[in-house]
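As a plain string of letters, each chain reads:
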Amino acid sequence: MIALYIVLGVLAAVLVFGVLPTLLLSYIIYSVVLVRTKPEKWNRGNTAPDDPEQIRIYDEAEAWAAENAACRRDVTVTNDGLRLVGEYYDFGCRKAVIIIPGRMEACRYSCHFAKPYKQAGFNVLTIDNRSHGLSEGKYNSLGFKEYRDILAWAALLHDSLGNDSVVLHGVCIGSSTALFACVSPDCPDYVRAMTADGMYETFCESFRLHMIQQKRPMFPYFWEIMLHIRVFAGADVVHDGPGKRIARMQKPILFLHGRKDQFSLPDKAQQLYDSCPSAEKQLIWFEEGAHSRLRLADPERYDEVVRTYYEKLFADRETESFTIVDK
């Protein structure tokens, strides 16, 4: 009996002095990275005001937004009990793109990617993901719940705003969200295609690479953060993600990826492309540009690739003779 009390005492000590402190610290890290802890967090402003490249992205995004302000109006949808907010640029077209930003970014950031879609004859919807900008929500669910928001936005574009077709353009986590929407059984036919800029295989792998680059202590914090994501955000980012769901992708998809991407590794991008069963897929490599910054590094080529892909896609859809040659 005494031995049993000793064992229980040791286990209690391990729990109190070993496990609980690391769980608390890992939850703090999780809250900083993936939980909107106050209303002003992840607002529409520049998320990295000391980063020269991020300043350029926001300056260019704001310039595009100002240039097209006469065509802009605020729009909202409600999904999962959350009021979601976006900005809709109506250029009088019959098709529209939803630009889905990554973690921490809101709708104005997405204007950085809008130019080629306007050139290709699209209206443009930029959105505040749930828990970002003016949208409601607390937890970033890394696309596992946000994809349902995208389907709600697509329904607004189609049912209320007169768009016959909708395409999705996702950046980093946004590309995962777009894929989840496209392969969902609830995805309507009018959601025609998507662009994946910097898609990762799993968020778990991408986050691990971030922690390594930032020289964060890995054990046991990394796996505890994955547990917090599962419990609080309802997302199984360890076993599920684009690497698993890409096998169900039948819609046209344009992969854009950088050879120097440190967080969505190039070999994983190639595997995603190879595993995608879509007959209408294309993978374009960029030699320069960090993760989520391909367009910043080479805007002319980025815009040309996107514009020509969708011009050809919809031209061939109209003639029912769609073909894309891989590059």
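What this report covers is the structure whose coordinates are included nearby. Everything numeric here is computed off the predicted structure, so don't read it as measured data.

### Things to note about the overall build of the protein chain
Looking only at helices and strands, the protein chain has twelve helices and eight strands in total. Relative to the 2.2 N^0.38 estimate, which gives 20 Å for 327 residues, the radius of gyration of the protein chain is 21 Å and therefore close to what a compact globule would have. Across its three principal directions, the C-alpha atoms of the protein chain cover 85 × 40 × 40 Å. When the 327 residues of the protein chain are sorted by exposure, 54% land in the buried category. Considering only contacts within the protein chain whose residues lie at least 6 apart along the sequence, 74% involve residues at least 24 apart. Accessible surface, the protein chain as shown: approximately 14600 Å² in total, 56% of it carbon and sulfur. Mean positive and mean negative side-chain charge positions of the protein chain (38 and 42 charges, respectively) differ by 3 Å.

### Some remarks on helix α2 (residues 52–67)
End to end, α2 covers 22 Å across 16 residues, agreeing with the expected 22 Å (1.5 Å per residue, within 8%). Within α2 the residues assigned to the buried category are Q54, I57, Y58, A61, W64 and A65. Down the axis of α2, the buried side of the element spans an arc of 125°, and every buried residue falls inside it. Exposed side chains of α2 directed beyond 90 degrees from the buried face belong to P52, D59, A66 and E67. Looking at the buried residues of α2, the elements they touch are β1 (72–79), β2 (82–89), α3 (107–110), α4 (115–119), β4 (123–127) and α11 (294–297).

### Observations regarding the sheet that holds strand β3 (residues 95–100)
Taken together, eight strands build an open sheet; the order of strands is β1-β2-β4-β3-β5-β6-β7-β8 and the sheet is mixed. Each edge of the open sheet carries a strand with a single partner, namely β1 and β8 (281–286). Adjacent strand axes in the sheet meet at a mean angle of 20° when their direction is disregarded. The sheet contact formed by β3 and strand β5 (residues 165–171) spans six bridges and is parallel. Bridge assignment links I98 to a residue of β5, and that residue is L168. The strands that helix α10 (residues 266–275) touches are β7 (253–258) and β8; relative to β8, the one it contacts most, it runs at about 165°.

### Examining the pattern of salt bridges
Under the criterion given, the structure shown has 19 salt bridges. Between R44 and D128 there is a salt bridge whose closest N-O contact spans 2.8 Å. One end of the pair, R44, is in the loop between α1 (2–34) and α2; the other, D128, is in the loop between β4 and α5 (146–160), and 84 residues separate them in sequence. The salt bridge involving E201 is made with K268; its shortest N-O contact spans 3.4 Å. Of the two residues, E201 is situated in the loop between β6 (191–197) and α7 (203–213) and K268 in helix α10; the sequence distance between them amounts to 67 residues. E201 sits in the partly exposed class, given a relative accessible area of 26%. For K268, a relative accessible area of 22% corresponds to the partly exposed category. Ionic contacts of the salt-bridge type, sharing partners, join the residues R44, E62, E87, R108 and D128 into one network.

### Some thoughts on the packing of α7 against helix α8 (residues 221–233)
The description of two helices packed together rests on the angle between their axes and the distance between the axes. Contact pair α7 / α8: the axes reach a minimum separation of 11 Å and the direction vectors enclose 140°. As judged from the angle between their axes, α7 and α8 are oblique. Once α7 is placed against α8, the crossing between them reads as right-handed. Of the residues in α8, those in contact with F203, C204, F207, R208 and M211 of α7 are F222, W223, I225, M226 and I229. Residues that form the contact of α7 with α8 fall into these classes: nine nonpolar, no polar and one charged.

### Quick notes on the packing of aromatic side chains
Aromatic rings considered in pairs are described by the distance between their centres and by the relative angle of their planes. Summed over all chains, the structure comprises 22 aromatic pairs. Arranged with centres 6.2 Å apart and planes meeting at 50°, the rings of F113 and Y302 form a pair that is tilted. Taken as a pair, F113 in the loop between α3 and α4 and Y302 in helix α12 (residues 299–319) lie far apart in primary sequence, 189 residues in all. Neither F113 nor Y302 differs from the other in exposure class; each is buried.

### With respect to α10
Regarding α10, the residues found buried are A269, L272 and Y273. Seen along its axis, α10 keeps its buried residues to an arc of 95°; they face one direction. Those residues of α10 that are buried lie in contact with α9 (242–245), β7 and β8.

### Observations regarding the nonpolar core
With 95 residues, the main nonpolar core has I98, W153, L168, M194, I229, F255 and Y310 as its most contacted residues. With eight residues, the top contributor of residues to this core is α5. In this structure F255 touches A196, M199, I246, L272, Y273, C276, Q282, L283 and I284, once residues within four positions along its chain are discounted.

### Observations concerning the pairing of β6
The element β6 is extensively covered by neighbouring structure, given that six of its seven residues are classed as buried. Note: β5 against β6, six bridges, orientation parallel. Across the sheet, V167 pairs through a bridge with A193, a residue of β6. Handedness of the β-α-β unit built from β5, helix α6 (residues 173–183) and β6 comes out right-handed.

Each value, and the rule that gives it
- Residues numbered from 1 in each chain as written.
- Predicted model: local features only at pLDDT ≥ 70, side-chain atom pairs only at ≥ 80, totals over all residues.
- Heavy atoms only, no water.
- Helix = DSSP H or I, 4+ residues; strand = E, 2+ residues; numbered from the N terminus.
- Rg over C-alpha atoms; globule rule 2.2 N^0.38 Å.
- Buried < 20%, exposed > 50% of the residue type's maximum accessible area, 1.4 Å probe, protein only.
- Contact = heavy atoms within 4.5 Å.
- Areas by Shrake-Rupley, 256 points an atom, 1.4 Å probe, with all protein chains shown as cover.
- Lys, Arg positive; Asp, Glu negative; His and termini not counted.
- Charge placed at Lys NZ, Arg CZ, Asp CG, Glu CD.
- Expected span 1.5 Å × (residues − 1).
- Arc of directions from axis to C-beta.
- Pairing = 2+ DSSP bridges.
- Axes fitted to C-alpha atoms, helices over the stretch in contact; angles between N-to-C directions.
- Salt bridge = Lys/Arg side-chain N within 4 Å of Asp/Glu carboxyl O.
- Parallel < 35°, antiparallel > 145°, perpendicular 65-115°, else oblique.
- Left-handed = near helix turned anticlockwise from the far one by under 90°.
- Nonpolar A, V, L, I, M, F, W, Y, C, P; charged D, E, K, R; others polar.
- Phe/Tyr/Trp six-rings, centres within 6.5 Å; stacked < 30°, edge-to-face > 60°.
- Core = buried A, V, L, I, M, F, W, Y, C linked by side-chain atoms within 4.5 Å.
- Right-handed = clockwise from strand over helix to strand, strands pointing away.

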